[in-house]
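In case you want the letters, here they are:
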Amino acid sequence: MGKAAAELPHSIVGVRGEAGIAMKVKKTIVLLPGDGIGPEVTRAAATVLRECAQEFHHEFELHEFPIGGAAIDAIGTPLPNETLDACRKADAVFLGAVGGAKWDALPVGKRPESGLLGLRKGMGLYVNVRPVKVLEPLRGISPLKPERLGDLDIEIVRELAGGMYFGERGNTTENGVERAWDTESYSTPEIERIATFAFARAENRTRRVCSVDKANVLMSSQLWRRTVVALSGVYSSVKLEHMYVDNAAMQLTLKPSQFDVMLTSNMFGDILSDAAAALVGSIGLIPSASFGTGAPLFEPIHGSAPSLVGTDSANPVGAILSATLMLRDAFGLSLEADWVEQSLHRVLAGGYRTPDIAQPGASTIGGSVFTEMLREEMQRTLEHAERYGWGV
Ligand code: NAD
Ligand code: IPM
Ligand code: MN
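Residues numbered from 1 in each chain as written. Chains lettered and ligands numbered in written order. Predicted model: local features only at pLDDT ≥ 70, side-chain atom pairs only at ≥ 80, totals over all residues.

Draft legend 1. View of the overall build of the protein. The secondary structure content of the protein amounts to 13 helices and twelve strands. Against the globule reference of 21 Å for 392 residues, the protein gives a C-alpha radius of gyration of 21 Å, in line with a compact fold. Principal-axis analysis of the C-alpha atoms places the extent of the protein at approximately 75 × 50 × 45 Å. Put simply, the protein has 392 residues, and 47% of those count as buried. Within the protein, contacts between residues at least 6 apart in sequence are counted, and of these 76% link residues at least 24 apart. (Helix = DSSP H or I, 4+ residues; strand = E, 2+ residues; numbered from the N terminus. Rg over C-alpha atoms; globule rule 2.2 N^0.38 Å. Buried ≥ 20, exposed ≤ 12 C-beta atoms within 10 Å, placed from the backbone. Contact = placed C-beta atoms within 7 Å.)

Draft legend 2. Focus on unusual backbone geometry. For R207, which is not glycine, the phi torsion reads 60° and is therefore positive. For D312, which is not glycine, the phi torsion reads 55° and is therefore positive. For D312, a count of 15 C-beta atoms within 10 Å gives the class partly exposed.

Draft legend 3. How the structure looks around the domain arrangement of the protein. With domains assigned, the protein is organised as domain 1 (1-123 + 295-392) and domain 2 (139-169 + 178-282). The partner domain 2 presents ten residues to the eight residues of domain 1 that form the contact. (Domains from an automatic or database assignment.)

Draft legend 4. Representation of helix α13 (residues 367-388) in the model. The terminal C-alpha atoms of α13, which comprises 22 residues, lie 30 Å apart, in line with the 32 Å expected from a rise of 1.5 Å per residue. Looking at α13, one finds that the buried residues are G367, F370, T371, L374, E377, M378, T381, L382 and A385. The buried residues of α13 occupy an angular sector of 155° when projected down its axis, which confines them to one face. Opposite the packed face of α13, turned more than 90 degrees from it, sit the exposed residues E376, R380 and R387. (Expected span 1.5 Å × (residues − 1). Arc of directions from axis to C-beta.)

Draft legend 5. Quick look at the site of ligand 2. Residues in close proximity to ligand 2 include G99, E113, L116, L117, D270, I301 and G303, which together make up its full environment. Examining the composition of the shell around ligand 2, we find that three residues originate from one element, helix α5 (residues 112-122), more than from any other. For the shell around ligand 2, a count of residues per class yields three nonpolar, two polar and two charged. (Near = placed C-beta within 6 Å. Nonpolar A, V, L, I, M, F, W, Y, C, P; charged D, E, K, R; others polar.)

Draft legend 6. Here's a closer look at the sheet that holds strand β10 (residues 261-264). Taking strand neighbours across the sheet as the criterion, the ten strands line up as β2-β1-β3-β12-β11-β4-β5-β10-β8-β9 in an open arrangement whose pairing is mixed. Either end of the sheet is taken by a strand with one partner, and the two such strands are β2 (59-64) and β9 (239-244). Across five bridges, the pairing between strand β1 (residues 26-34) and strand β3 (residues 92-97) is parallel. Along β3, the bridge assignment pairs G34 with A97. Each of β4 (125-133), β5 (153-159), β8 (208-213) and β10 touches helix α10 (residues 266-279); the most contacted strand, β5, lies at about 155° to it. (Pairing = 2+ DSSP bridges. Axes fitted to C-alpha atoms, helices over the stretch in contact; angles between N-to-C directions.)

Draft legend 7. Quick look at the environment of S142. Mapping S142 onto the fold places it in the loop between β4 and α6 (146-149). C-alpha of S142 to C-alpha of A202: the two residues are 60 residues apart in sequence and 25 Å apart in space. Look past the residues within four positions of S142 in its chain and what remains in contact with it is V134, L149, L279, V280 and G281.

Draft legend 8. Spatial organisation of the packing of helix α2 (residues 38-56) against helix α11 (residues 317-330). It is the contact of α2 with α11, at a shortest axis distance of 8 Å, that shows an interaxial angle of 40°. Between α2 and α11, the angle is such that the two are oblique. The handedness of the crossing between α2 and α11 is right-handed. Contacts between α2 and α11 involve V41, T42, A44, A45, V48, L49 and C52 from the first element and A319, I320, S322, A323 and L327 from the second. In terms of residue class, the contact of α2 with α11 is built from ten nonpolar, two polar and no charged. (Parallel < 35°, antiparallel > 145°, perpendicular 65-115°, else oblique. Left-handed = near helix turned anticlockwise from the far one by under 90°.)

Draft legend 9. Main features of the environment of V98. For V98, the position within the fold is in the loop between β3 and α5. The spacing of V98 and I67 is 31 residues in sequence and 7.4 Å in space, taken between C-alpha atoms.

Draft legend 10. Up close: the site of ligand 1. Taken together, 23 residues surround ligand 1, and among them G99, G284, H302, G303 and N315 come closest. Its residues assigned to classes, the shell around ligand 1 shows ten nonpolar, ten polar and three charged.

Draft legend 11. Main features of the pairing of β5. With respect to burial, β5 is a largely interior element, six of its seven residues being buried. Sheet analysis places β4 next to β5, joined by seven bridges and oriented antiparallel. Looking at β5, one finds that R130 is bridged to I156. When β5 meets β10, the two strands line up parallel, connected through four bridges. Pairing of E155 across the sheet is with V261, part of β10.

Draft legend 12. Spotlight on the nonpolar core. Ranked by internal contacts, the top residues of the largest apolar core, which has 106 residues, are A45, V93, F94, M262, L263, I320 and A323. A domain-level breakdown of this core finds at least three residues from each of domain 1 (1-123 + 295-392) and domain 2 (139-169 + 178-282). Beyond its immediate chain neighbours, meaning those up to four positions away, I320 contacts A44, A45, V48, V340, L344 and L374. (Core = buried A, V, L, I, M, F, W, Y, C linked by C-beta atoms within 7 Å.)

Draft legend 13. Up close: the confidence of the model for the protein. Per-residue pLDDT for the protein averages 94, and the proportion of residues at 70 or more is 94%. Of the regions scoring below 50 in pLDDT, residues 1-21 engages in 36 contacts with residues more than four places distant in sequence or in other chains. (pLDDT = per-residue confidence, 0-100.)

In structure tokens form, the structure reads like this:
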């Protein structure tokens, strides 16, 4: 077992220069396991959070609430009031995944996915950050040749509260012909607030924002582009570029390392982030953080992966990295987040793989075994850090 954080040598605090060790925090975290592989990846994230609380003497109260199909089955609605209330009062929320064939026949608005959209809206979350980065031990599993993959390290800053997801929609039948529509609509303030976040984020990275739109066709995209240009004057140290979404999809595949921060609408960000995930090996690896007017939400970007249910083969890394985003970005616990991430890298460097990130023919382990190996490695990493310092 690692030595209790309070007893760690002062030099560790000094090396990192952070308040993480000295500061003991008390946080209420709502867990929303959801459907399909959601509960198993949520268990992995909870294991990591509990481990941090124990070793660093924090008090994390973890409370589980139903959402999605599980909530439909139990309570009759994908987002029970009790769930939304608890999320609004929490310090941070973690969501596994929602959706599944069982509920696919339900109309839009009553499906598990509506629970997630209602949660994002109800919590005032308008920013969704999806970091996509090559994990060094996994470089070889990228579908791209190494020279094309480069040092891929991007953040997709996706608008989360507007656009087609929340625009007017409907359907009619006239003369026996059915018609349905969804509306893409953005206002200047909606664009400004997400663009402000993207510029600020880029200021702390390599100072480049690529704003993705379809301004050659869509009026909403023309407003998007004008608004981003107008705002860019305030962030003069950040280089702004614009790219049509079709080209952005191609450029991501051809030369993804050209990007730093990609600023997108709700719909474009959803699509481009799955494509970007594939470049680093698996959608199961990618975390996300959502921010807005209240508590932040952390969730892996993958869905409920129905075909993996019951096989213990879901990759828990996206969920685990969502937990480290929570530690770092919601609670300011960067030492703890570093601890988990360093340990995770060591497990991957040791060759341990869930099936989605294994080379063909290589041996694999289950998601729950992977999480247990990470927990053990976290203990070893802590002992190592006590002796030699962090990052060694
Ligand atoms: P999906 O992300 O569930 O699965 C896409 C592919 O990725 C599948 O081959 C799946 O096996 C694989 N995959 C996903 N997560 C993985 C993991 N952790 N480890 C290994 N492989 C993984 O997307 P889908 O199949 O389009 O959708 C399935 C259901 O999930 C639908 O009901 C959809 O609406 C829902 N969904 C929910 C969320 C969410 O809750 N945030 C996100 C996307 C899709
Ligand atoms: C995601 C998902 C969701 C989205 C669905 C399930 C509502 O695909 O988080 O990427 O489209 O935002
Ligand atoms: Mn998606």
